[in-house]
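# An overview of the molecular structure
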Amino acid sequence: MFAVDSLLDHIKLFSIPTLIVIIKVLVVFVVGLVGTMLMVWFERKVIAFMQNRIGPNKAGPKGLLQTLADGTKLFFKEDLIPDKSDRFVFKLAPYLAFVPAFLVWAIIPLGGDFSNGKNGDVKILGHVTKLQLADPPVGVLLLLALSSIAIYGIMLAGWSSGSKYPLLGSVRASAQMISYEAALGLSLATVILVTGTLSTNGIVASQFTFSRWSVIATGVLPFAIFLIAATAELNRPPFDLVEAEQELVGGFNTEYSSIRFALFFLAEFMNTITMSGVIVTLFFGGPQPLRIAGHANVLQFLGPVSGTVWLLLKVLVFLYVYVWFRATLPRLRYDQLMNLGWKLMIPLALGWFMLLAFFRVGQDSGWNTWVIGVAGIAVMALCAGLLQLASKVSARNREREGAMF
Amino acid sequence: MQLFVFIVAGAMVLGGAVGVVLRTHPVHAALSLVLTLFGIAVLFIAQDAQFLAAVEVIVYAGAIVVLFLFVIMLLGIDRAEDLHVEPFKIQRPAALVIGVGLVSLLGIAVIASREHPVPTVTPSQAVTDALADPHNGNIRALARDVFSDHVLAFELTSALLVIAVVATVILARKPRKGETYIVSGSAQ
């Protein structure tokens, strides 16, 4: 009925398939939590390294247990609830922020054998299954749904605090996340166009050689747009206007303390890992190996785990990139953020999507590729010119009205 | 299993719906609406309509209710309304009439459908072909249907939405008296 896992078609309690699914759930949950803990350490260590500092080095070897120490400290702090807050929503909001970050992991293929067009099935205890919690036919749409649900946590946290700065932070956050969701969805649509499926498993399976990795097959630009939009979705620097300390005290989580604050903090880092996993799955072939110097899979000796190790390596690259962004780029101004989102990224993503679709139709009908390319680029240029004209006119009108930007 | 899911999702839908009506606080009412939408999404999934479920969550829970909340927060009407003042005199009797009418209409429809089964729709060849695919069949069938049989209606709907957006912008940015807008790039 739910198409979650083919194992569960004939569900029986206390059978091996049920056990396998439960183990998968537990592994995803535990690895998610431990990964978040390590991510916090990783981020602090890398930023410290980039800023010529040492970073956490007291708790545990190389400061590895610093996050645990911080978490324990937060646990024992007093849990404050502001007088003017909406108590129910105030308590609910941290969970709303935390849960979607976890749920996305259910649809990310975490490993398996995808070589030679195999679909990632592995055998555990004599049962064929996928190293993925769920493979719904609408996989990628579920991802979009969850990222749109993630807005609630931040929005309600800011509002229910009953205080001005958190409200400002959360209004900013929701406007930003809604704006960038469009660009995110449009750049994702190119991946769906190229791979021809919505299921995450299918998307990974179709990227079986380097030239079919979506980042190449869609022409890099959608990946760049996705990366930027995802950073904005995550509210990470340089798009962290939500919690701009210099302007808003602490943003939407100003009034939170103790374990509820810790939950927001965890959600943010969890989301970063999740988004890296999503980027790798969509654009970099997930657990697909990379052909290096003639070897189809240099990690072959790891056997069935090699896919998972590849995924891990690729995700680590993006985690590093996110930390790098944070250490390097200054925060955008609010109008710059909105201009970038609405006037550049959305039209660009839409135009690129149309161009790819045009190429696709041309291929199917056997038209000349060069003619398609020239015609497509001409139409794009015309649209870009019109858009430029329109935004110039509206900018002048706004100036006459005396608006600030 | 099916029954269990139906009962839980039904409870979510009904609980949310009752919450929307009975909660005095606008934000709580909007959150109850989200609960209802999630319940409906679960019911869709139970009926194998995964695409509808995903779209329901993305569009309604993810965009429309967020917009509601946004307006509630920005306008600062996030406190209980005084119910003794009635802005339109005819509003409440009209609501009663429409409500009773809707309930009785639905009731009649349910009772009638028990006696006369719903006539089956014959989909086009493209849709039947797509439905034969076991994995993506649902989504493919929907896409084939929307982009082939009903492409005109689909495009017209999108045009209508664009017109609505443009009209909203124009209405919201109405120039004051004595002010003219620059319409083209060359005018000064």
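Being a predicted model, the structure only gives us computed values, none of them experimental. (Residues numbered from 1 in each chain as written. Chains lettered and ligands numbered in written order. Predicted model: local features only at pLDDT ≥ 70, side-chain atom pairs only at ≥ 80, totals over all residues. Heavy atoms only, no water.)

### Some thoughts on the overall build of chain A
When helices and strands are tallied, chain A shows 13 helices and two strands. Here chain A has a C-alpha radius of gyration of 23 Å; the compact-globule value for 405 residues is 22 Å, and the two agree. Here the C-alpha coordinates of chain A stretch approximately 65 × 65 × 50 Å along the principal axes. Across chain A, contacts joining residues at least 24 apart in sequence account for 76% of those joining residues at least 6 apart. By element, 70% of the accessible surface of chain A is carried by carbon and sulfur atoms, the whole surface being about 19500 Å². The average position of the 31 basic charges and that of the 23 acidic charges among the side chains of chain A differ by 5 Å. (Helix = DSSP H or I, 4+ residues; strand = E, 2+ residues; numbered from the N terminus. Rg over C-alpha atoms; globule rule 2.2 N^0.38 Å. Contact = heavy atoms within 4.5 Å. Areas by Shrake-Rupley, 256 points an atom, 1.4 Å probe, with all protein chains shown as cover. Lys, Arg positive; Asp, Glu negative; His and termini not counted. Charge placed at Lys NZ, Arg CZ, Asp CG, Glu CD.)

### With respect to helix 10 (residues 258–283) of chain A
Residue and element names in this part refer to chain A. Relative to the 38 Å expected for 26 residues at 1.5 Å per residue, helix 10 spans 38 Å between its end C-alpha atoms, a close match to the ideal helical length. Buried residues dominate helix 10, accounting for 21 of its 26 residues. After helix 10 finishes, the residue Gly-285 shows a positive phi value of roughly 75 degrees. (Expected span 1.5 Å × (residues − 1). Buried < 20%, exposed > 50% of the residue type's maximum accessible area, 1.4 Å probe, protein only.)

### Focus on the packing of aromatic side chains
Residues and elements named next belong to chain A. Within the structure shown, the criterion is met by 17 aromatic pairs over all chains. Ring centres 4.1 Å apart and planes at 10 degrees place the aromatic pair Phe-90 and Tyr-256 in the stacked group. With a gap of 166 residues between them, Phe-90 in helix 3 (residues 87–103) and Tyr-256 in the loop between helix 9 (245–248) and helix 10 connect regions that are remote in the sequence. Summarising the burial analysis for this pair, Phe-90 and Tyr-256 share the class buried. Considering the side-chain rings of Trp-213 and Phe-284, the 6.0 Å spacing of their centres and the 75 degrees angle between planes classify their relative orientation as edge-to-face. Residue Trp-213 is located in the loop between helix 6 (200–205) and helix 7 (214–217), and its partner Phe-284 is located in the loop between helix 10 and helix 11 (306–328); the two are separated by 71 residues in the primary sequence. Phe-284 shares its class with Trp-213; the two are buried. (Phe/Tyr/Trp six-rings, centres within 6.5 Å; stacked < 30°, edge-to-face > 60°.)

### Focus: the UniProt feature "transmembrane region" (unreviewed entry) in chain B
Residue and element names in this part refer to chain B. The sites that carry the UniProt feature "transmembrane region" (unreviewed entry) are, in the present numbering, residues 6–22, 29–46, 52–75, 95–113 and 151–172. Counted over residues 29–46, helix gives 100% and strand 0%. Its end C-alpha atoms are 26 Å apart. Across residues 95–113, helical content stands at 100% and strand content at 0%; the span's end C-alpha atoms are separated by 27 Å. (UniProt positions renumbered as here; feature names shortened; annotations may be inferred.)

### Re the environment of Ala-349 of chain A
Residues and elements named next belong to chain A. Within the fold, Ala-349 resides in helix 12 (residues 334–365). What makes Ala-349 buried here is its relative accessible area of 2%. When sequence neighbours within four positions are dropped, the list of residues in contact with Ala-349 reads Ala-183, Leu-186, Ser-187 and Ile-225.

### Here's the deal with the pattern of salt bridges
Where side chains of opposite charge bring their charged atoms close, a pairing between them can arise. Residue and element names in this part refer to chain A. Overall, the coordinates contain five salt bridges over all chains when judged by the stated rule. When the shortest N-O distance is used, the salt bridge between Arg-236 and Glu-43 registers 2.9 Å. Here Arg-236 is found in the loop between helix 8 (221–233) and helix 9, whereas its partner Glu-43 is found in helix 1 (residues 16–50), with 193 residues between them in sequence. In this structure, the salt-bridge partner of Glu-43 is Arg-326, at a minimum N-O distance of 2.6 Å. Pair noted here: Glu-43 is in helix 1 and Arg-326 is in helix 11, with a separation of 283 residues, a long-range link. Relative accessible area serves as the criterion here: at 2%, Glu-43 is assigned to the buried category. Through salt bridges with shared partners, a single ionic network connects Glu-43, Arg-236 and Arg-326. (Salt bridge = Lys/Arg side-chain N within 4 Å of Asp/Glu carboxyl O.)

### Regarding the interface of chain A and chain B
Often the size quoted for an interface is simply the accessible area lost on bringing the parts together. Each partner contributes residues to the interface: chain A has 33 residues there, and chain B has 39 residues. Counting across the interface, chain A meets chain B through zero salt bridges. The interface formed by chain A and chain B contains two residue pairs in polar contact (both at pLDDT 80 or more). When residues of the side of chain A that touches chain B are traced back to their parent elements, those giving at least two are helix 4 (139–160), helix 5 (164–195) and helix 13 (369–401) of chain A. No other element matches the 10 residues that helix 4 of chain A contributes to the side of chain A that touches chain B. Split by residue class, the side of chain A that touches chain B holds 21 nonpolar, six polar and six charged. (Polar contact = N/O pair within 3.5 Å; in protein donor to acceptor, adjacent residues only side chain to side chain. Nonpolar A, V, L, I, M, F, W, Y, C, P; charged D, E, K, R; others polar.)

### Concerning the packing of helix 10 of chain A against helix 11 of chain A
Two quantities define a packed helix pair, namely the angle between the axes and the distance from one axis to the other. Residues and elements named next belong to chain A. Here helix 10 crosses helix 11 at 120 degrees, and the two axes come no closer than 9 Å. Between helix 10 and helix 11, the interaxial angle falls into the category oblique. Judged by the twist between their axes, the crossing of helix 10 over helix 11 is right-handed. Across the interface between the two elements, Thr-272, Ile-273, Met-275, Ser-276, Gly-277, Ile-279 and Val-280 from helix 10 touch Leu-311, Lys-314, Val-315, Phe-318, Leu-319 and Tyr-322 from helix 11. When grouped by side-chain class, the residues that make up the contact of helix 10 with helix 11 number nine nonpolar, three polar and one charged. (Axes fitted to C-alpha atoms, helices over the stretch in contact; angles between N-to-C directions. Parallel < 35°, antiparallel > 145°, perpendicular 65-115°, else oblique. Left-handed = near helix turned anticlockwise from the far one by under 90°.)

### A few points about the environment of Leu-221 of chain A
Residue and element names in this part refer to chain A. Tracing the sequence through the fold places Leu-221 in helix 8. Distance from Leu-221 to Trp-352, taken between C-alpha atoms, is 7.9 Å for residues 131 residues apart in sequence. For Leu-221, the contacting residues outside a window of four places in its chain are Leu-348 and Trp-352.

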